[in-house]
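Here are the chains, one letter per residue:
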Amino acid sequence: MAVTTESLVGQLVDLEIGAVAHGGHCVARHEGRVVFVRHALPGELVRARITEGDAGSSYLRADAVEILWPAPGRVDPRCPVSGPGGCGGCDFQHVDLATQRDLMSDVVREQLRRLAGIEYDVLVEPVDAGDGLGWRTRVDFSVDADRRLGLRRHRSHAVIPVDPCPIAHRALDDFTENRWAAERVEAVVSSRGERLAVVESPGAGLPRLDLVGVVDGRGRRIGGRAYVREQVHGREFRVTGKGFWQVHPAAATVLTDAVLGFAAIEPGERVADLYAGVGLFSAFLAVATGTTGLVSSVESNQRAARDARRNLHDLAQVRLVHAPVEAALKRGLVESPCDVVVLDPPRAGARSRIVRAIATLDPSRVVYVACDPAALARDLATFANEGYELAGLRAFDVFPMTAHVECVALLVPRRS
């Protein structure tokens with residue numbers, strides 16, 4: 001006989017909100033169970049509606065729908081669809097910027113403590129003096145049944161139309177003013193003001209906008225050219241289609257400077273740039289090490305590797321390695337020993353096998369760029385097992401209004 005469990009979805013409960021947690025929610029408790037609550041702040045008393053869970057669930061999810069006792073730092077959201085039941089793109093529209101950074105600092109510190117056993121008083125830094133809106137230069141829109149661009153409802157496939165998206169760069173506003181015969185549309189504006197549309201399953205009747213090009217999801221040209229040009233410290237970088245580039249206008253420069261500051265490259269040194277993408281860090285690492293040095297720039301994605309070849313063609317000290325990082329390390333395609341290793345892995349982190357392989361290169365400095373503090377902390381724990389300790393950490397608010405944070409960590413061999 002099947003056992004049925006009563007759903008709690010839709011029930012209203014009053015909750016005292018505890019600490020912020022990784023993922024854009026805060027933690028509360030109800031009848032002995034943990035409740036992950038969105039749209040709340042630590043210290044608040046809220047009335048929350050259960051959005052996931054039943055009588056047998058070990059934890060519940062909920063949205064704060066009424067604030068009974070607000071906490072300092074609460075503001076009115078600047079986006080009309082950011083609240084309960086709305087778009088899942090922003091986590092902190094209800095929080096002022098200074099408090100957002102305090103919350104993210106708490107998250108980074110907690111992840112380091114819990115997953116790596118590291119106590120470090122990191123403070124998330126702003127990257128500009130803006131109001132947290134109009135910064136996102138790459139937006140991956142979904143398309144609804146009426147061909148309007150929108151973003152997904154939180155933890156749902158439903159599309160919430162946005163016209164315009166408040167955190168999107170203002171140069172992308174006319175994307176949402178038009179109808180699109182496609183399944184998805186990524187809108188791109190570069191630091192040079194060039195705009196590109198990347199469309200999935202395009203149909204007839206795409207809008208006529210002022211674009212340098214339109215490409216499909218595989219990077220094939222539909223019209224115009226397939227790339228935009230970005231610029232950092234006067235150097236130009238080509239980025240094709242959906243190729244990776246930081247979405248905040250200030251992020252590429254800020255992170256490059258942080259990496260170079262920690263790497264402290266000396267002329268003639270051997271450097272490995274892992275997960276190198278289109279060659280952003282490789283370019284400036286190569287300039288620092290000079291013609292007597294060597295930078296092994298490792299990237300597995302074919303389009304990114306092709307862009308890197310163009311972006312780095314004038315730097316003879318760069319050796320391009322088109323291979324997955326683990327394979328490149330295993331096959332000896334990275335110079336060993338190596339003075340400095342820079343890595344910027346995907347959100348899941350480098351993971352233990354790659355961390356152990358990096359340690360065999362015997363670098364005197366490892367600079368780790370991370371977009372997920374939990375993945376960073378797990379990898380730092382593995383580095384510790386390989387004899388490396390955290391010597392420096394900076395964190396940057398390159399995704400205002402969201403729970404995402406970018407970290408740059410310096411690891412050095414543990415002093416005996």
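Higher on the page you've got the structure.
**With respect to the overall build of the protein chain**
Tallying secondary structure elements over the protein chain gives 8 helices and 23 strands in all. Its C-alpha atoms give the protein chain a radius of gyration of 23 Å, near enough to 22 Å, the size a compact globule of 416 residues would have. In the protein chain, 61% of the contacts between residues at least 6 apart in sequence involve partners at least 24 apart. Accessible surface for the protein chain amounts to roughly 18500 Å². Of this, 48% is attributable to carbon and sulfur atoms. Taking the 50 positively charged and 53 negatively charged side chains of the protein chain as two groups, their mean positions are separated by 6 Å.

**Considerations on the sheet that holds strand β11 (residues 184–189)**
Reading across the sheet, the 7 strands line up as β10-β9-β8-β11-β12-β13-β14 and stay open at both edges, with mixed pairing between neighbours. Two strands lie at the open edges of the sheet, namely β10 (159–161) and β14 (221–224), each paired on one side alone. Going from strand to strand, the sheet's axes swing by 30° on average, the running direction of each strand aside. When β11 meets strand β12 (residues 195–200), the two strands line up antiparallel, connected through 6 bridges. Along β12, the bridge assignment pairs Glu186 with Val198.

**Considerations on the sheet that holds strand β23 (residues 406–413)**
In spatial order, the strands read β7-β22-β23-β21-β20-β17-β18-β19; together these 8 strands make up an open sheet with mixed pairing. The two strands at the open ends of the sheet, each matched to only one other strand, are β7 (124–126) and β19 (318–322). On average, each strand axis in the sheet is tilted by 20° relative to the strand beside it, whichever way the strands run. Looking at chain direction, β7 and strand β22 (residues 388–397) are connected through 3 bridges and run parallel. The residue bridging Val124 from the neighbouring strand is Ala395, located in β22. Here helix α8 (residues 373–385) sits on the sheet and contacts β21 (365–370), β22 and β23; the angle it forms with β21, its principal contact strand, is near 160°.

**Observations regarding the pairing of strand β13 (residues 213–216)**
Here β13 shows a buried face lined by Gly213 and Val215 and a second buried face lined by Val214 and Asp216. Examined bridge by bridge, β12 and β13 share 4 bridges and lie parallel to one another. From the neighbouring strand, Val198 faces β13, where its bridge partner is Val215. Turn length for the β13-β14 hairpin, with the two strands adjacent in sequence and antiparallel, is 4 residues, and the turn residue Gly219 shows positive phi of about 85°.

**A closer look at the pattern of salt bridges**
By the definition in use, this model includes 31 salt bridges. Put simply, Arg38 and Asp91 hold a salt bridge, and the shortest N to O gap is 2.9 Å. In this pair, Arg38 sits in strand β4 (residues 33–38) while Asp91 sits in the loop between β6 (59–69) and α1 (97–116), placing the two residues 53 residues apart along the sequence. The pair formed by Arg38 and Asp91 is uniform in burial state, with each residue classed as buried. One salt bridge connects Glu66 with Arg47, and the closest N-O pair in it is separated by 3.3 Å.

**Digging into the environment of Gly53**
Assignment of secondary structure puts Gly53 in the loop between β5 (45–52) and β6. For the pair Gly53 and Pro373, spaced 320 residues apart in the sequence, the C-alpha separation amounts to 27 Å. Discounting residues that sit within four places of it in the chain, Gly53 has contacts with Ser7, Leu8, Val9 and Leu60.

**Comments concerning the packing of aromatic side chains**
Applying the stated rule across the entire model yields 6 aromatic pairs. Here the aromatic rings of Phe175 and Trp180 are separated by 5.5 Å at their centres, their planes lie at 10°, and the arrangement is stacked. An aromatic cluster of at least three residues, connected via ring pairs, comprises Phe237, Trp245 and Phe284. Over the face of the ring belonging to Tyr227 we find Arg225, whose NZ or CZ atom lies 4.7 Å from the ring centre.

Here is what the cut-offs are and how they apply
Residues numbered from 1 in each chain as written. Predicted model: local features only at pLDDT ≥ 70, side-chain atom pairs only at ≥ 80, totals over all residues. Heavy atoms only, no water. Helix = DSSP H or I, 4+ residues; strand = E, 2+ residues; numbered from the N terminus. Rg over C-alpha atoms; globule rule 2.2 N^0.38 Å. Contact = heavy atoms within 4.5 Å. Areas by Shrake-Rupley, 256 points an atom, 1.4 Å probe, with all protein chains shown as cover. Lys, Arg positive; Asp, Glu negative; His and termini not counted. Charge placed at Lys NZ, Arg CZ, Asp CG, Glu CD. Pairing = 2+ DSSP bridges. Axes fitted to C-alpha atoms, helices over the stretch in contact; angles between N-to-C directions. Buried < 20%, exposed > 50% of the residue type's maximum accessible area, 1.4 Å probe, protein only. Salt bridge = Lys/Arg side-chain N within 4 Å of Asp/Glu carboxyl O. Phe/Tyr/Trp six-rings, centres within 6.5 Å; stacked < 30°, edge-to-face > 60°. Lys NZ or Arg CZ within 6 Å of the ring centre and 35° of its normal.

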